[in-house]
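Next come the chains, spelled out residue by residue.
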Amino acid sequence: MPEDLNWAIGGEAGDGIDSTGKIFAQALSRAGRHVFTSKDFASRIRGGYTAYKIRTAVDPVESVVDRLDILIALTQRTVEENMDELHEGSVIIYDGERTTMQDLEIPEEMVGLDVPLKSLAEDAGGAIMRNIVALGAACEATNFPIENLDESLEKRFGGKGESIVENNKEAARLGQEYVAEEFDHDFDYDLETTDDDYVLLNGDEAIGMGALAAGCRFYSGYPITPATNVMEYLTGRIERYGGTVIQAEDELSAINMALGAARAGARAMTATSGPGIDLMTETFGLVATTETPMVIVDVMRSGPSTGMPTKQEQGDLNMLLYGGHGEIPRFVVAPTTVSECFHKTVEAFNFAEKYQTPVYLVADLAMAVTEQTFPPEEFDMDAVEIDRGKVVDDAAIDEWQNEKGQFQPHLATEDGVSPRTFPGTAGGAHMTTGLEHDALGRRTEEEEVRLEQVDKRNRKVETAKNEEDWSYREFGDSDSDKLVISWGSNEGAIREAMEFLEEDDISIRLVSVPYMFPRPDLSEDVEAANDVIVVECNATGQFADVVEHDTLTRVKRVNKYNGVRFKADELAEEIKNALAEGTEVEA
Amino acid sequence: MSSDVRFTDFKSDKQPTWCPGCGDFGTMNGMMKALANTGNDPDNTFVVAGIGCSGKIGTYMHSYALHGVHGRALPVGIGVKAANPNLEVMVAGGDGDGYSIGAGHFVHAVRRNMDMTYVVMDNRIYGLTKGQFSPTSREDFETSTSPDGTHQQPVNPLALALAAGGTFIAQSFSSDAQRHAEIVQQAIEHDGFGFVNVYSPCVTFNDVDTYDYFRDSLVDLGDDEDYDPNDYDQAKEAILDRSKEYQGVIYQDEDSRSYNDRMGLTEDLSDIPEGAPEDAMDLVREFY
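Below you will find a few notes about this structure. Residue indices begin from 1 for each chain and proceed along its sequence in written order. The lettering of chains begins at A and the numbering of ligands begins at 1, in the order of writing. Only residues with pLDDT of 70 or above have their local features reported here, since the model is predicted, and side-chain atom pairs are shown and tallied only from 80 upward, although totals for entire chains, interfaces and linings are computed over all residues. With hydrogens and water excluded, all non-hydrogen atoms of the structure serve as input to the side-chain values.

**A short note on the overall build of chain B**
- Only runs of H or I of at least four residues qualify as helices and only runs of E of at least two qualify as strands under DSSP, and these elements are numbered from the N terminus. For chain B, the helix and strand inventory stands at eleven helices and eight strands.
- Here the radius of gyration uses the C-alpha set of atoms, whereas the globule reference equals 2.2 Å times the residue count to the power 0.38. For a compact globule of 288 residues, the expected C-alpha radius of gyration is about 19 Å, and chain B comes in at 20 Å, within 12% of that figure.
- Summarising its shape, the C-alpha atoms of chain B cover approximately 70 × 45 × 40 Å along the three principal directions.
- Considering chain B as a whole, with its 288 residues, one finds that 58% of them fall into the buried category.
- Once local pairs closer than 6 in sequence are excluded, the contacts in chain B between residues at least 24 apart make up 72%.
- A 1.4 Å probe and the Shrake-Rupley method give the accessible areas. Residues count as covered only by the protein chains that appear here. Carbon and sulfur atoms make up 46% of the accessible area of chain B, which totals about 11,500 Å². Exposed residues in this analysis have more than 50% of their type's maximum accessible area, buried residues have under 20%, and partly exposed residues fall in between, with area computed by a 1.4 Å probe over protein chains only. Residue contacts follow a heavy-atom distance rule, with two residues in contact if any of their heavy atoms lie within 4.5 Å.

**What to know about a negative patch on the surface**
- Only residues above 30% relative accessible area that lack a salt bridge enter a patch, with like-charged residues linked at up to 9 Å and the nonpolar side chains Val, Leu, Ile, Met, Phe, Trp and Tyr linked at up to 5 Å. Basic side-chain nitrogens of Lys or Arg form a salt bridge, by our definition, when they fall within 4 Å of a carboxyl oxygen of Asp or Glu. Counted as positive: Lys and Arg. Counted as negative: Asp and Glu, with His and the chain ends omitted from the count. To locate a charge, take atom NZ for lysine, CZ for arginine, CG for aspartate or CD for glutamate. A cluster of acidic residues, D195, D196, D197, E377, D380 and D382 of chain A, forms a negative patch at the surface.
- Counting through the fold element by element, D382 of chain A comes out in the loop between β14 (371–374) and β15 (431–433).

**Re the pattern of salt bridges**
Residues and elements named next belong to chain A.
- Enumeration according to the criterion identifies 64 salt bridges over all chains in this entry.
- K22 is the partner of E371 in a salt bridge, and the nearest nitrogen-oxygen pair spans 3.8 Å. Of this pair, E371 sits in strand β14 while K22 sits in helix α1 (residues 17–30), placing them 349 residues apart in sequence. Judged on exposure class, the residue E371 and its partner K22 are both buried.
- The partner of R519 in a salt bridge is D550, and the shortest N-O contact between them spans 2.5 Å. Note that R519 is positioned in the loop between β19 (515–517) and α16 (523–528) and D550 in helix α17 (residues 542–551), a separation of 31 residues in sequence.
- Taking the relative accessible area as the measure of exposure, D550 reaches 29% and is therefore partly exposed.

**Topic: the interface of chain A and chain B**
- Opposite the 68 residues of chain A that make contact, chain B presents 50 residues.
- By buried area we mean the combined loss of accessible area, with a 1.4 Å probe, across both parts when two parts are placed together. Of the roughly 4,900 Å² buried between chain A and chain B on both sides combined, carbon and sulfur atoms contribute 62%.
- Our count for the chain A to chain B interface comes out at six salt bridges.
- Linking K404 of chain A and D13 of chain B is a salt bridge whose minimum nitrogen-to-oxygen distance equals 2.8 Å.
- Polar contacts, as used here, are pairs of N or O atoms within 3.5 Å; protein pairs need one atom able to donate a hydrogen and one able to accept it. Residues neighboring in sequence count only if both atoms are side-chain atoms. Between chain A and chain B we count 25 residue pairs in polar contact (both at pLDDT 80 or more) in total.
- In terms of residue count, the dominant contributor to the side of chain A that touches chain B is helix α9 (residues 251–263) of chain A (eight residues).
- At least two DSSP bridges between two strands are required for those strands to pair. Relative to strand β2 (residues 64–67) of chain B, β15 of chain A is paired through three bridges, and the arrangement is parallel. Residue T432 of chain A lies in a different strand from β2 of chain B, and its bridge partner there is L66 of chain B.

Shown next, in the form of structure tokens:
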């Protein structure tokens with residue numbers, strides 16, 4: 001287990017919590033420390049409790065734990081919300097001078113550092129910098145070199161002018177000095193720095209970066225939590241490569257625009273969350289039956305309906321696997337870490353074009369908003385390979401025309417994948433339709449043609465099953481008869497839970513599955529195990545159902561659906577409890 | 001693009017299944033003529049169609065084409081045009097497709113002013129579902145779903161377009177072949193969203209808004225020397241005057257700058273060069 005420190009800043013939405021947390025996270029990352037962040041936020045612009053939490057260590061960290069060592073509390077509620085995680089020796093930095101803070105109570109066993117954040121900030125040039133004063137105070141309490149914070153402040157405020165940067169540095173310094181001078185206390189924490197290089201990013205950003213690396217040149221979307229960051233990331237960056245982002249009037253429009261762009265030959269993507277997927281589902285069928293390559297990102301949040309927009313859940317799997325009327329060939333790819341969000345996005349584009357199908361890329365809120373450090377080599381742009389599939393140019397067009405010289409966009413080939421022309425290709429003009437169609441793309445209700453086209457579309461999935469590597473990520477004791485199966489962002493927490501379990505001499509094998517459809521065959525793994533536990537953030541066990549269906553074996557379930565991601569220590573207990581249950585569930 | 005393209009090159013070998021006498025024949029012929037006259041050919045043309053009788057147009061024309069879902073043809077066209085501005089993009093729909101289920105997209109397509117053409121075949125009835133009232137049906141129009149009238153005002157598509165900031169608003173009559181083709185051609189040539197509402201009579205289910213009705217009531221603004229389509233106030237007056245049926249370019253903003261132009265969209269985005277772009281690692285470095 002890494003020697004880690006858990007840090008948080010909390011207050012009301014609008015207090016600058018998020019940017020302050022990010023500044024500190026970047027400072028830690030730049031100092032060669034690993035960082036894993038999490039956010040408690042409410043669906044409102046101002047007011048209400050919000051917090052940004054950082055877990056940091058010299059070794060990689062991949063989950064959150066129930067412990068808080070340093071807390072910057074801008075409100076009393078911040079202390080109350082985190083009381084369970086605070087412990088003897090936890091340091092709480094607060095501002096006793098603020099009138100609204102007069103009642104802020106710090107439990108005796110904790111170290112309360114009453115720092116005049118506001119007045120020190122005013123000394124440095126403005127009350128708005130009180131959070132930065134608090135960061136300086138936190139640096140002192142953790143023996144963290146404030147120079148690392150300076151770099152982060154330069155990055156953050158550099159665009160606003162030198163004096164703003166200097167004022168912020170001064171604010172941090174005043175906070176640090178105040179703690180050093182006023183509190184005669186020997187702090188327990190020592191944030192050592194290293195020479196390692198890391199980048200710090202979240203899942204939404206990794207998806208956006210993956211899209212750019214994959215050659216995505218068109219993005220259309222409608223703002224929705226927690227997927228909006230994908231659009232915000234691409235806006236302003238996609239143009240560097242000639243591409244464009246269109247903010248559509250709704251999700252119906254967003255997916256149809258992407259469809260148009262994809263048919264024009266661009267690599268096109270849209271991203272949304274569950275409610276948006278609902279709206280897109282009609283066109284999803286059109287995308288599939290017109291065999292248009294497209295990537296649709298679903299960043300899951302708590303449902304149903306508007307549910308809990310700012311909370312974690314993995315409740316959309318059934319919709320992604322089965323949503324839409326009729327039978328629709330599709331791919332569902334589910335990255336398991338922030339860095340996998342990058343790689344799987346690239347892969348999703350290749351699947352889409354190779355097989356001419358829509359690809360759902362599914363992430364969950366916990367992964368999408370979590371910032372995590374990685375060695376930059378994990379995002380190797382030069383290693384990105386682009387496969388555009390069966391694109392036919394002017395020269396090769398003759399091969400794919402019928403005897404009347406008409407291009408056949410839906411020709412039933414052996415592998416199910418048809419030739420494709422981009423508009424502008426001479427001799428390649430063709431139509432396609434959501435109606436059942438023939439090889440030319442024209443409407444038909446002929447029984448034979450219907451069978452041929454349905455079989456052709458489904459054959460693509462069979463081809464992909466054979467041609468691609470539907471592997472999973474594996475961790476822990478490969479010989480263990482205790483198998484834990486996971487998807488999405490739970491991987492990190494389970495990996496860390498495994499270390500807790502080791503302390504109790506429980507070794508498990510973790511299989512983390514990044515492909516929901518097509519997916520790896522887990523039959524042998526399940527058969528070889530005595531205990532099979534599927535861990536997921538939903539109430540009913542949607543992936544567990546799939547595993548049972550595939551392997552014809554009952555599995556145990558560990559589910560969490562209160563809106564909060566799994567924590568490593570809590571998960572260790574849950575897994576222990578599940579192992580203690582009987583092995584067979586009554587059918 | 002070749003100069004010897006004839007409008008028949010835009011015809012497919014599929015025979016239309018529209019009812020004999022349907023206004024859509026004339027609407028489509030005019031579109032094909034306008035495309036040929038503006039120097040386009042089937043391989044650089046993308047036609048997007050909606051649902052209903054009008055939606056069949058992609059089958060009967062020869063070009064790159066997509067027949068989409070009900071009401072969503074415009075966003076598809078916008079995506080095509082953004083991804084490859086070199087293509088001539090024409091979207092065709094009916095009054096139900098464009099002003100009912102797709103009304104939201106219509107308003108936003110107008111205000112986005114993408115450089116494309118939108119032709120609506122307005123027959124004031126739902127034909128393919130066999131005779132229910134449409135958003136442009138008259139208030140007293142009796143149909144299978146409005147036995148004693150619709151009890152609602154018909155939408156004024158031209159006013160909707162004007163209110164949304166339309167830069168090219170026109171109306172034509174499918175039977176007046178020459179004039180209709182001319183108007184669609186002007187819409188294509190317009191730098192921005194060229195919107196043409198075409199009276200395209202349904203001979204089977206609408207016995208009110210007939211060829212005779214339009215022939216008798218149409219006023220061609222092109223014949224009026226005092227009418228200036230660039231004059232917003234005049235256009236507003238004509239559009240809000242529902243006592244007459246107008247034909248012609250009713251409003252055109254001479255200063256129109258298309259979305260493509262504003263956004264600097266000039267490239268064909270289908271092209272992705274091999275290998276990572278030179279500055280790709282900058283994307284990673286941003287996260288240091």
